[in-house]
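The chain contents come next:
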Amino acid sequence: MRNIFLFIRRYAIFILFLIMQTTALSMLFSYNRFHSTLYGMFSSEVSGRLNDRVDNVYSYFSLREENEKLRAQNAQLLSQLPSGQLFADTTKRLVRDTVKIDSTNSYRQFEFMDAHVISNSVFLQQNYMMLHRGSNQGVQANMAVVGPEGVIGTVIGVSSNMSTVMSLLHRQTKLIAVLKKGSGLGEIVWDGKDPQTLILNKIPKTVVVKVGDTVVTSPYSDRFPPGMNIGFVSAVTNDQETNTYILKVRTAIDFSNVHHAFVVKNKLQNEMDELKSKLNKE
Amino acid sequence: MNVVIKNIIRLILIMFVQVFILNNITPLHQLIVPYFYFIFILWLPFKTSRVALLFIGFLVGMLVDMFYKTPGLHTAAVLLLAYLRPFVIGLLMPKEITEWGNEEPTRFTMGLAPFTTYVIILTLMHNGYLILLEWMNFGSFLYFMGKLIATSSVSLILVMIGELFIHRKTRNR
């Protein structure tokens, strides 16, 4: 018994070191769940406030570029307004409608909420962003985040005023994507090397792919609105082992220079989830 | 100035530089990640007890992790640094640690060559362990070595710049 105490006394510091090291490592290897823990929420709230203060200063430096981006987007949106479009006269016909409900009326599926990016990283193997918008402002986990030029990532953690976004530059990114030309479903991943290049796998070799082709989100995603830009094909390699290409994709958005983002809310999300859970039960 | 207050102010300044300046520089190359914050541990006074070193290391690591959103990664690396520091100082300095007053390891108190060795050993330990942990999750060996060398050289340059340009009052012995 005495020997045990002597042993503990002698190696007390080493044991303390081991305990702390284990704490740190266990946190590291459970980082997927980390953002929903109490400490994770607390720390993102605290670091979020500080980041917000500093970002207030930083954002002055990029006001001009930001303005230009928004102007370009405004112009694009304005040109889509129905008042700016003409219809050929010959297709117009006066018909007395007997149906009282306008069944051709569209309704909105995706709602875009403006958000300020207050911290960002592109250096690491797992890159996260922080948005100044949280559960009080209607953000929930798993919502999509897009920028003016294209897809940014997915919300993974929400505190009351901040939310953490896993950007596309993350080792665990998996996003279904298609070529804008049409055919070919693929999967976007990141190899952790270049913050401007993503990898698109699983496009079958039957599809003709050229450098410069646009890669967009698929219409089958339940989070991302279909047709959002992800990037442009920058290199085409044949995978020798399978019947698919490995494509390098230059990101549409410059991840090192993101200041504004939109959080996308899918209004049909609950309905889709219900259907999915029903499927899983059966 | 009181040692504790001085070090708290120093910690805030170093964290500011690491989190809001170094973290926001556009990457020069994919292998280079500038780490500078561990200079805080290197600069703690000689007579800081080993237990205190560990606790301070844990705190500093958690602070960095809060901003980098990598729970535990930097904490683990700084803990190793804090644990090894007394051994490295013992190797390089003939004196008993208790003989020192509030002096900190500087190029004057230790001499330029021992101080440089001290910085190089601990920087390599810190970056090596940090990148090893990152590499265990993913990546190839070549990537690991390349990143270790590139990142450590940048860290060394940053720490030496910090040492040479920031005037710390020390009595020359």
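In the block above lies the structure referred to throughout.
Keep in mind that what you see is a predicted model, and the values were worked out from it rather than measured.

Undergrad: I'd like to hear about the overall build of chain A, residue by residue, with values.
TA: When its secondary structure is counted, chain A shows 6 helices and 12 strands. Each of the 282 residues in chain A was classed as buried or not, and the buried ones make up 41%. Only carbon and sulfur atoms are counted for the fraction: they give 55% of the accessible area of chain A, which is about 17,300 Å².

Undergrad: Just give me the short version of the sheet that holds strand S8 (residues 197-204) of chain A, but keep the residues and values in it.
TA: Residues and elements named next belong to chain A. Strand order in the closed barrel formed by 6 strands is S6-S7-S8-S11-S10-S9, with antiparallel pairing between adjacent strands. Each strand axis lies, on average, 40° off the axis of its neighbour in the sheet, ignoring direction. With 3 bridges connecting them, strand S9 (residues 214-217) and strand S10 (residues 229-238) associate as antiparallel partners. Note that in S10 the partner of Thr214 across the bridge is Phe232.

Undergrad: Outline the sheet that holds strand S2 (residues 126-131) of chain A, listing residues and values.
TA: Strand order in the closed barrel made by the 6 strands is S1-S2-S5-S4-S3-S12 (chain A), with antiparallel pairing throughout. This sheet shows a mean twist of 45° between the axes of neighbouring strands, independent of strand direction.

Undergrad: Which residues make up the layout of surface pockets, and what values do they have?
TA: All names here are of chain A. In this model, the largest pocket occupies a volume close to 800 Å³. Lining the largest pocket we find 23 residues, and of these Gln73, Leu77, Gln80, Phe112 and Met228 sit closest to its centre. Of all elements in the fold, only helix H5 (63-79) and strand S1 (110-120) reach the threshold of two or more residues within the lining of the largest pocket. Among the elements that line the lining of the largest pocket, the one with the most residues is H5, at 7 residues. Looking at the lining of the largest pocket residue by residue, the classes come out as 11 nonpolar, 8 polar and 4 charged.

Undergrad: I'd like a rundown of empty space enclosed by the protein, residues and numbers included.
TA: Under the definition given, this model contains 6 cavities of 30 Å³ or more. Taken as a whole, the largest cavity encloses approximately 80 Å³ of empty space. In terms of lining, the largest cavity is formed by 15 residues, of which the most central are Val122, Phe123, Lys193 and Pro195 of chain A together with Gln30 of chain B.

Undergrad: Explain the interface of chain B and chain A residue by residue, including any values.
TA: Taken together, the contacts link 42 residues of chain B with 40 residues of chain A. Buried area between chain B and chain A, summed over both chains or domains, comes out near 3,600 Å², and the portion from carbon and sulfur atoms is 74%. Linking chain B to chain A there are 0 salt bridges. Joining chain B to chain A, the criterion identifies 3 residue pairs in polar contact (both at pLDDT 80 or more). Contributing elements (two or more residues each) for the side of chain B that touches chain A: helix H1 (3-21), helix H3 (50-68), helix H4 (73-92), helix H5 (112-137) and helix H6 (141-165) of chain B. Take the side of chain B that touches chain A: its biggest share by element is 9 residues, from H3 of chain B. Considered class by class, the residues forming the side of chain B that touches chain A number 29 nonpolar, 9 polar and 4 charged.

Undergrad: Explain the packing of aromatic side chains residue by residue, including any values.
TA: Per the stated rule, a full pass over the model turns up 11 aromatic pairs over all chains. Consider the rings of Phe14 of chain A and Tyr83 of chain B, whose centres lie 5.7 Å apart with planes at 50°: the pair is tilted. Residue Phe14 of chain A is found in helix H2 (residues 12-28), and its partner Tyr83 of chain B is found in helix H4; the two belong to separate chains. For Tyr83 of chain B, a relative accessible area of 12% gives the class buried. Residues Tyr83 of chain B and Phe87 of chain B carry aromatic rings whose centres are separated by 5.6 Å and whose planes lie at 65° to one another, so their mutual orientation is edge-to-face. Residue Tyr83 of chain B and its partner Phe87 of chain B are located together in helix H4, separated by 4 residues, close to a single helical turn. Phe87 of chain B sits in the partly exposed class, given a relative accessible area of 41%. Each member of the aromatic cluster is reached from another via a ring pair, and the members are Phe14 and Phe17 of chain A together with Tyr83 and Phe87 of chain B.

Undergrad: Describe the nonpolar core, listing the residues and the values that go with them.
TA: The biggest cluster of nonpolar side chains holds 58 residues, and the ones touching the most others in it are Tyr37, Ile41, Leu42 and Tyr118 of chain B. Within the residue set of this core, elements represented by two or more residues are H2 of chain A together with H1, helix H2 (39-42), H3, H4, H5 and H6 of chain B. Take this core: its biggest share by element is 12 residues, from H4 of chain B. Not counting residues up to four positions away in its chain, the partners in contact with Ile41 of chain B are Leu53, Ile56, Gly57, Val60, Val78, Leu81, Ala82, Arg85 and Tyr118 of chain B.

Scoring rules and cut-offs
- Residues numbered from 1 in each chain as written.
- Chains lettered and ligands numbered in written order.
- Predicted model: local features only at pLDDT ≥ 70, side-chain atom pairs only at ≥ 80, totals over all residues.
- Heavy atoms only, no water.
- Helix = DSSP H or I, 4+ residues; strand = E, 2+ residues; numbered from the N terminus.
- Buried < 20%, exposed > 50% of the residue type's maximum accessible area, 1.4 Å probe, protein only.
- Areas by Shrake-Rupley, 256 points an atom, 1.4 Å probe, with all protein chains shown as cover.
- Pairing = 2+ DSSP bridges.
- Axes fitted to C-alpha atoms, helices over the stretch in contact; angles between N-to-C directions.
- 1 Å grid on protein atoms, 1.4 Å probe; cavity = no way out; pocket = protein on both sides within 12 Å on 5 of 7 lines; lining within 4 Å.
- Points joined across faces, edges and corners; volume = space filled by probe spheres on them.
- Nonpolar A, V, L, I, M, F, W, Y, C, P; charged D, E, K, R; others polar.
- Contact = heavy atoms within 4.5 Å.
- Buried area = accessible area lost by both parts, 1.4 Å probe.
- Salt bridge = Lys/Arg side-chain N within 4 Å of Asp/Glu carboxyl O.
- Polar contact = N/O pair within 3.5 Å; in protein donor to acceptor, adjacent residues only side chain to side chain.
- Phe/Tyr/Trp six-rings, centres within 6.5 Å; stacked < 30°, edge-to-face > 60°.
- Core = buried A, V, L, I, M, F, W, Y, C linked by side-chain atoms within 4.5 Å.

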